[in-house]
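# Topology and contacts: notes
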Amino acid sequence: MNWKTSLTACISCLVLLIPNNIFSCADVEDSFSSFVSFFNRSAAETPAYAPFYFADLQFLRDDEEHPSTTKAVVKEWCAFTGNQVSETDANAFVMKFDRRELTALYYHLEEGKPLVLPDSVKKNGMTRFFLEHKDLEALGYLMYAKQVEPYVTVEYNSWNATPRDSIKMNGLLKNGLQLYKAAKSPLFQLKYGYQVVRLAHYNHQYADAVRYYDELVSSNPTPGVLQFLSRGLKAGALYWLDRKPEAAYIFSQVFNETDIKKIANFNSFAWAMPDREQFRKTYLPLCKTDKEKANMLALYSLNTTEPDVAVLAEIHRLNPGMDVVPTLVVREINKIEMALLPEFGISRSAVGQKNFYGGAGAFSADETAMLTSFVKTLEAISGSGKYPENALYPIGAAYISCLLKDYTSANRLLAAAKKMKSSRVLEDQWMLTSLLVAINESPKLNAAAEQKILPALQWIQKKAAAEKTEEYNQQQYQWSNFYKNILVEVMSARYAAQGDINRMVLAYGAADRTSWTYPAAINYIRDSFTVKEAEGLYDFLTQKRFTSFESFLLHTGTVDRKGVADYVGTAYLRDYNYDKAIEWLGKEENKLIEKDPFKELLFDREERLPGDAVTTTKLDYAKKMKALLAKQNDPEALYQLGLGYYNITYYGYAWELTTYYRSGADGYCIPEKASTFEKDYYGCYKAKACFEKALAAASDAELKARCLFMMARCGQKELRKPQYADFNYNYDLYDKKVKEYYDVFKANVYFPKYKNEYSGTKFYRETLTRCSYLADFVAK
């Protein structure tokens, strides 16, 4: 079954009244995940499995092994010395010193030759250990290992494979077999056996690598890092021998038995299991015990992105107490969130979309069964007493119960978790989950419900704010996202369903105070509120008394009286209703616009001209336009009025007066279902009519020339430019039509009259040098 159904979950509660684009361009603040989540990905608190916490944007959350193989090997050498040597000295001796330096020490101990070494080597704690204990077997092994190392080192970041000398590697392999036979203890037999398997593997002698492991390493009783590394090499050899199920089996067991090379074993298991359909038929039967089956199932689950709670239940049944289970539980919750909760950018106003408010929609029968089964599994895990941090499981079950709208069970489970000993991370998750339950179980978000949830909402807001001051870590911005999701996906959705658009947009405004880069709430108001709704919001914002909950949203949000009044005033500017525009723009302080909206330019320019010292405000613009409208018999005033109309179009110098954003890819094409303002904005009809009226009223030839030239500029905008989509993205046809369009575009219908009647004016001569289209027309 495909769980990627992109449903709106119960905590979204409704078919929203929110436009499709409100959050579609939001920055993805979590570089690993983009889905809506309310469950802490780190709630499992299993550091060894942190790279495998769920993500949808990256395969792993971390690609560095912890602990590193080097660190583990060095630690074993420290233990070999009885911990007489520090890890720093052991690392330098084992990993960094040159073989020649070890050789000098060896022959000094064996033959009494003078010891000639740099001070850094002489003073090393491990050098002193060998001088005291004279362990030539250990020193001889390190000398051999340093010979082998250049031929078996993998350079992951190299474009080309590491060059290997097959003949020298065979020589070292034979030498290793001799040293294995001469080794006096199982410890050094293991070490030489590992090096032999390693040389055979990297020399592409994969069958020999498998045989050497079976003969030299498999029965060695010595525990340690090299046991796991040797088994991994055998598994890799089996992979290259096309014995992938056997390879996957070994990788799964090693993955669960040690933290060494966990990421490498995880990736190798995935490569060894290309056909997931064959997993239960071919791979799983290789496991000999329930524990081994659980190990393989755990790695299988870590490699899936779709919910599969049945596998989690099976793992718990086969091997209760596995240390990977907490990680798998949280991953399963996050996978369910990604599959069943809406993603940013999805249309939430689409007719017929599932939702979970007022009985308008529900999970499918299969989804409900899956979620119900998950709750039972989590309760069974919790009741087993086999796992640390036991509070994780009832908290997770409470969250899933909330999705199912079973608030009685959710509260019961939260109460049970509250009695359990919890870490700080789980205490925080308990608070977040209880907040979700409190919001959703309230039939309506009224004053009483708001007062109840306010303390928890204030708490999560502080958690989100604190993240901005922390250094980068696995949880960066997670609480900011939780806070944003609570406000947007839950509370705004509930308010929209209740028809309370004022609170809805205030919740959006509070979400702006996360680390977003632009104010989404005011953009929503501008895009979606009618003038009447915005005026109602302004009245709400200007009331004298607010509840503590309203004060919280206002104090933490971006929606304010100034922005709302500006939008209302701007809306009236678009309607050319200057009396109402003046009324509303006069209510609050106006932003200064550093352009002259009545500037006469002979070419289209949107950026401010260097040296332009004229500034204006929307209020000043409205007042001047109203004054100009009163002079209908004055041709100069009509011309200025036309400039005022033209300069607020898409092509105009002061477009900011009536729009908040201008795309550089629009123009010369009026959108379908365009409003009256949009028709003027892209087609310049209002400006053209005004210039035409000024032309008819003017007697001065210079003014007439100016009017006609501006009419020509406006006329160009009425001609629709072909769009790529018009031709089903057929470029050749599109290119042909564009060329035809430019031919018509340059042959402006007003140019003949302009040339014939006004070529003697000063203004005409100036435009001839500034307008390339006019110059081309005259030259032709």
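As the structure is a computational prediction, the values presented were derived from the model and not from experiment.

Looking only at helices and strands, the protein chain has 37 helices and zero strands in total. Among the 780 residues that make up the protein chain, the fraction classed as buried is 53%. Taking the contacts inside the protein chain whose residues are at least 6 apart along the sequence as the reference set, 70% of them involve residues at least 24 apart. Working note: accessible area of the protein chain is about 35,600 Å², and carbon and sulfur atoms make up 51% of it.

Moving on to the packing of helix α12 (residues 262-272) against helix α14 (residues 290-302). Running from amino to carboxyl end, α12 crosses α14 at an angle of 85 degrees, the nearest separation of the two axes being 10 Å. As the angle between them shows, α12 and α14 are arranged roughly perpendicular. Where α12 approaches α14, its residues Asn 265, Phe 266 and Phe 269 are matched on the opposing element by Met 296, Leu 299, Tyr 300 and Leu 302. Of the residues in the contact of α12 with α14, the class split is six nonpolar, one polar and no charged.

Now for the confidence of the model for the protein chain. Taken residue by residue, the protein chain gives an average pLDDT of 89. The fraction at 70 or more is 89%. Confidence drops under pLDDT 50 across residues 1-28; counting only partners more than four residues distant or on other chains, this segment forms 108 contacts. Predicted confidence for residues 343-361 stays below pLDDT 50, and this span has 57 contacts to residues more than four positions away or in other chains.

Take unusual backbone geometry next. Pro 67 follows His 66 through a cis peptide bond whose omega is 0 degrees. By secondary structure assignment, the location of Pro 67 is in the segment before α1 (69-80). Even without glycine at this site, His 204 takes up a positive phi of about 65 degrees. With respect to the element layout, His 204 can be found in the loop between α8 (186-202) and α9 (206-217). By relative accessible area, which is 58% here, His 204 ends up exposed.

The final tally for this structure, using the stated rule, is 35 salt bridges. Here Glu 257 ties to Arg 231 by a salt bridge, and the two come within 2.6 Å at their closest N and O atoms. Highlighted residues: Glu 257 in helix α11 (residues 244-257) and Arg 231 in helix α10 (residues 225-240), separated in sequence by 26 residues. Here Arg 503 ties to Glu 450 by a salt bridge, and the two come within 2.7 Å at their closest N and O atoms.

This brings us to the packing of helix α28 (residues 578-585) against helix α29 (residues 618-629). Two numbers describe a pair of packed helices, the interaxial angle and the distance between the axes. Where α28 contacts α29, the axes come no closer than 9 Å and their chain directions differ by 155 degrees. Relative to α29, the element α28 lies roughly antiparallel. Viewed along their axes, α28 and α29 form a crossing whose handedness is left-handed. In contact with Tyr 578, Asp 579, Ala 581, Ile 582 and Leu 585 of α28, α29 contributes Lys 618, Leu 619, Tyr 621, Ala 622, Lys 623, Met 625, Lys 626 and Leu 629. For the contact of α28 with α29, a count of residues per class yields nine nonpolar, no polar and four charged.

Its place among the elements puts Val 225 in helix α10. In this structure Val 225 comes out as buried when scored by relative accessible area, which is 8%. When near neighbours in sequence (up to four residues on either side) are disregarded, Val 225 contacts Ala 72, Val 73, Glu 76 and Ile 260.

Counting 236 residues, the largest nonpolar core has Phe 130, Leu 457, Ile 486 and Met 491 as the members making the most contacts within it. With near-sequence residues (within four places) excluded, Phe 130 lies in contact with Phe 93, Leu 105, Leu 109, Asp 135, Ala 138, Leu 139 and Leu 142.

With that settled, the discussion passes to a nonpolar patch on the surface. Taken together, the side chains of Tyr 724, Tyr 729 and Tyr 731 define a hydrophobic patch exposed on the protein surface, amounting to about 360 Å² of accessible area. One can find Tyr 729 in the loop between α33 (701-718) and α34 (731-746). When its relative accessible area of 54% is taken as the criterion, Tyr 729 is described as exposed.

Along the chain, the position of Arg 280 falls in helix α13 (residues 279-283). On the basis of relative accessible area, Arg 280 is assigned to the partly exposed category, the value being 44%. Taking the C-alpha atoms as reference, Arg 280 lies 9.6 Å from Leu 297; in sequence the two are 17 residues apart. At 2.7 Å, the side chain of Arg 280 forms a polar contact with the side chain of Glu 314.

So, about helix α21 (residues 447-467). In this model, α21 (21 residues) spans 30 Å end to end at C-alpha, consistent with the 30 Å of a helix rising 1.5 Å per residue. Remark: the principal bend of α21, roughly 45 degrees, maps to Leu 454, with a proline, Pro 455, within the next four residues. Listed in full, the buried residues belonging to α21 are Ala 449, Glu 450, Ile 453, Leu 454, Ala 456, Leu 457, Ile 460, Gln 461, Ala 464 and Glu 467. Buried-residue contacts for α21 involve α20 (424-441), α22 (478-498), α23 (501-511) and α26 (548-556).

A word on helix α32 (residues 685-697). Helix length check: α32, at 13 residues, gives a terminal C-alpha distance of 19 Å against a target of 18 Å (1.5 Å per residue), a fit within 8%. For α32, the set of buried residues is Ala 687, Lys 688, Cys 690, Phe 691, Ala 694 and Leu 695. Angularly, the buried residues of α32 cover 165 degrees about the axis, an arc narrow enough to put them on a single face. Buried-residue contacts for α32 involve α30 (635-646), α33 and α35 (751-758).

Enumeration over the complete set of coordinates arrives at 50 aromatic pairs. Judged by centre distance (5.3 Å) and plane angle (75 degrees), the rings of Trp 77 and Phe 80 are edge-to-face. Of this pair, Trp 77 and Phe 80 both sit in helix α1, three residues apart, which is roughly one turn of the helix. A relative accessible area of 24% means that Phe 80 is categorised as partly exposed.

Turning our attention to the side chain of Lys 262. Within the fold, Lys 262 resides in helix α12. Among the polar contacts listed, one links the side chain of Lys 262 to the backbone oxygen of Thr 258, at a separation of 2.9 Å. Dropping the residues within four chain positions of it, Lys 262 is found in contact with Ala 48, Tyr 49, Phe 52, Glu 65, Phe 255 and Asn 256.

Now for the environment of Leu 703. Positionally, Leu 703 belongs in helix α33. Residues Leu 703 and Tyr 639, spaced 64 residues apart in sequence, show a C-alpha to C-alpha distance of 8.3 Å.

Taken as a whole and assessed by the stated rule, the structure comprises zero disulfides. With no disulfide of its own, Cys 684 lies closest to Cys 714 among cysteine sulfurs, the gap being 4.8 Å. On the basis of relative accessible area, Cys 684 is assigned to the buried category, the value being 1%.

Cut-off values and rules
- Residues numbered from 1 in each chain as written.
- Predicted model: local features only at pLDDT ≥ 70, side-chain atom pairs only at ≥ 80, totals over all residues.
- Heavy atoms only, no water.
- Helix = DSSP H or I, 4+ residues; strand = E, 2+ residues; numbered from the N terminus.
- Buried < 20%, exposed > 50% of the residue type's maximum accessible area, 1.4 Å probe, protein only.
- Contact = heavy atoms within 4.5 Å.
- Areas by Shrake-Rupley, 256 points an atom, 1.4 Å probe, with all protein chains shown as cover.
- Axes fitted to C-alpha atoms, helices over the stretch in contact; angles between N-to-C directions.
- Parallel < 35°, antiparallel > 145°, perpendicular 65-115°, else oblique.
- Nonpolar A, V, L, I, M, F, W, Y, C, P; charged D, E, K, R; others polar.
- pLDDT = per-residue confidence, 0-100.
- Salt bridge = Lys/Arg side-chain N within 4 Å of Asp/Glu carboxyl O.
- Left-handed = near helix turned anticlockwise from the far one by under 90°.
- Core = buried A, V, L, I, M, F, W, Y, C linked by side-chain atoms within 4.5 Å.
- Patch = residues over 30% accessible without salt bridge, like charges linked within 9 Å, V, L, I, M, F, W, Y side chains within 5 Å.
- Polar contact = N/O pair within 3.5 Å; in protein donor to acceptor, adjacent residues only side chain to side chain.
- Expected span 1.5 Å × (residues − 1).
- Bend = angle between axes of the 7 residues up to and from the residue.
- Arc of directions from axis to C-beta.
- Phe/Tyr/Trp six-rings, centres within 6.5 Å; stacked < 30°, edge-to-face > 60°.
- Disulfide = S-S within 2.5 Å.

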